[in-house]
Amino acid sequence: VELNTIASSFGCLSARVSAMHRHLSLSSPGAALPDNKSQRIVAGGLLAAHRLFCASERALPAVVVMVVQPGESNSIDQRSLEHELGRSGVRVLRRTLGELAAFGLEGGDFVLPDDGGARVAASVVYYRAGYTPDDYPGEPQWAARAALEESSAVKCPDVFAHLFGAKKVQQALATPELRKLCGSDEEEEGARGLMTGLWPLGEEGDGGTVEMALADPGGYVLKPQREGGGNNLYGEEMVAALRRMSRDERAAYILMRLITPDVFHNVLVRNGAIAYSGDCVCELGVFSASLGEEDLFEGEGGFILRCKAKETLEGGVAAGYAFLSSPELV
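The name an unreviewed UniProt entry gives the protein chain is Glutathione synthase substrate-binding domain-containing protein, with Tetraparma gracilis as the organism.

Here you go:
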C-alpha cells in the first residue's frame, strides 16, 4: 500500500501497547501475542548509524539530532526512543528546523550547541518533522534542511529516501515493467500479489482512470503526495475534486483501489474511557531499519497495528482516527 520513509512514528508506543496486551493475556490461556521489537529496531538502526559516524576520529563530541515540530504532540513516543539510545550512552538533542537554522556546516560537519552550550557535531539527523509543507514556513527552515542534507551526518532519511516514500513512486512500483526488476519470475509473482491497484493521474490518456473512479466512488481513494493523516479524498469529495481539477492538477495525486479488510467487533479506549464499541478494521505496518548499501544493520520483527471503526476512512493515530492495538497469531 505504501512505504513510510520519514517521520515513521509509534515504534515505541506500539511496543508498549503490545507489552501491555501480552501482560493482560497471561490470564487468557491460548492467546498468542507476538513480541514487538519495533522500539529496539528503530533505536538499533540509529545506534548503528551513530557508531559508524564515530568510527572516524572527530574533533567534537557527536550527538543524534532529532528534528521535531514546534509544539510537538507526539513527544512521548519520541522520548522513549531518546531514553533507549541513552541506555547505550548516546545523547539526543531535540530541535526544530527553525532552531537549527541558526547553525550550520563547519568542515563538513553540522555543528550546534548542546543544552549546556558546548559545541557538538550531529552524527545522525533523525527526521520526525519535515514531511509536510507546514514545516517550512520560511527560508530559514529550507536553509536548515539543505545544510543538514549537505552535512556528514547520517540522515534518516536522506532526501532521496524521503522522496522514495512519495505516492507516485509507490504507484510506479506497481507497474508490470518495474516488477520485472525482481530477480526471478517467482519474486515477480510474489510482488504482484502484494500490490493493491494503483493508477497514475495527470498523464495523457488518464481519462479512463478518472471515469473508473467516478463510476464507483466507493471503491477508490485519491491520494496526494503527502504524509500524515487527513490528506486523502474519498467518496463524493473525491468525485467533486476529479470533476473540478485540470489534468495538470490531477498529476499531484494517484488513484488507489480501496482495500476491504475483514470486519470484527472490538472496543476502542481513549483516556481510560470507551470511545467506541462495534465493527472495526485493522491496518498492519512493519518496522525495519537498514544502514547503507552494504546493509550494515537490518532489523525485522517490529510492527504497528492500527485499529479503527469500520466507518472511519482515515487511519492516522496522532490525528485521532485510529487506535494502537496488537495482533493475535492464529
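Once you've had a look at it, read on.
Another point: the UniProt feature "domain: Glutathione synthase substrate-binding" (unreviewed entry) in the protein chain. Mapped onto this numbering, the UniProt entry gives "domain: Glutathione synthase substrate-binding" (unreviewed entry) at residues 62–163. For residues 62–163, the helix share is 32%, the strand share is 29%, and the end-to-end C-alpha distance is 27 Å.

What the 4 strands build is an open sheet, ordered β7-β10-β8-β9; its pairing is antiparallel. The open sheet has two free edges, formed respectively by β7 (198–200) and β9 (233–234), since each of these has just one partner strand. Relative to strand β10 (residues 253–257), strand β8 (residues 220–224) is paired through 5 bridges, and the arrangement is antiparallel. When the bridges of β10 are listed, Leu222 appears paired with Leu255.

Relative to the assigned elements, Leu305 resides in strand β13 (residues 298–309). As for Leu305 and Ala166, which are separated by 139 residues in sequence, their C-alpha atoms are 22 Å apart. Excluding anything up to four places from it in sequence, Leu305 contacts Cys282, Glu283, Leu284, Phe323, Leu324, Ser325, Ser326 and Pro327.

Counting 22 residues, the largest nonpolar core has Val42, Leu46, Met66, Leu81, Leu85 and Tyr126 as its most contacted members. Sorting the residues of this core by element identifies α2 (38–54), β1 (62–67), α3 (75–86) and β5 (119–127) as the ones contributing at least two each. Sorting elements by how many residues they give to this core places α2 first, with 6 residues. One finds Ile6, Val67, Leu97 and Ala129 within the second-largest nonpolar core, a separate group that totals 20 residues.

Moving on, we come to the pairing of β8. For β8, the buried fraction is high: 5 of the 5 residues fall into the buried class. Taking every second residue as pointing to the same face, both faces of β8 are buried, with Tyr220, Leu222 and Pro224 on one and Val221 and Lys223 on the other. Both β8 and β9 contribute to a ladder of 2 bridges, which runs antiparallel. Paired with Leu222 across the strands is Leu233, a residue of β9.

On to the packing of aromatic side chains. Across all of its chains, the model carries 2 aromatic pairs by this definition. Judged by centre distance (4.0 Å) and plane angle (15°), the ring pair of Tyr136 and Trp142 falls under stacked. Take Tyr136: its relative accessible area is 9%, and that puts it in the buried class. Classification of Trp142 as partly exposed rests on a relative accessible area of 46%. A ring pair is formed by Trp199 and Tyr220, whose centres lie 5.8 Å apart and whose planes are at 65°; its orientation type is edge-to-face.

Rules of the game
Residues numbered from 1 in each chain as written. Predicted model: local features only at pLDDT ≥ 70, side-chain atom pairs only at ≥ 80, totals over all residues. Heavy atoms only, no water. UniProt positions renumbered as here; feature names shortened; annotations may be inferred. Helix = DSSP H or I, 4+ residues; strand = E, 2+ residues; numbered from the N terminus. Pairing = 2+ DSSP bridges. Contact = heavy atoms within 4.5 Å. Core = buried A, V, L, I, M, F, W, Y, C linked by side-chain atoms within 4.5 Å. Buried < 20%, exposed > 50% of the residue type's maximum accessible area, 1.4 Å probe, protein only. Phe/Tyr/Trp six-rings, centres within 6.5 Å; stacked < 30°, edge-to-face > 60°.

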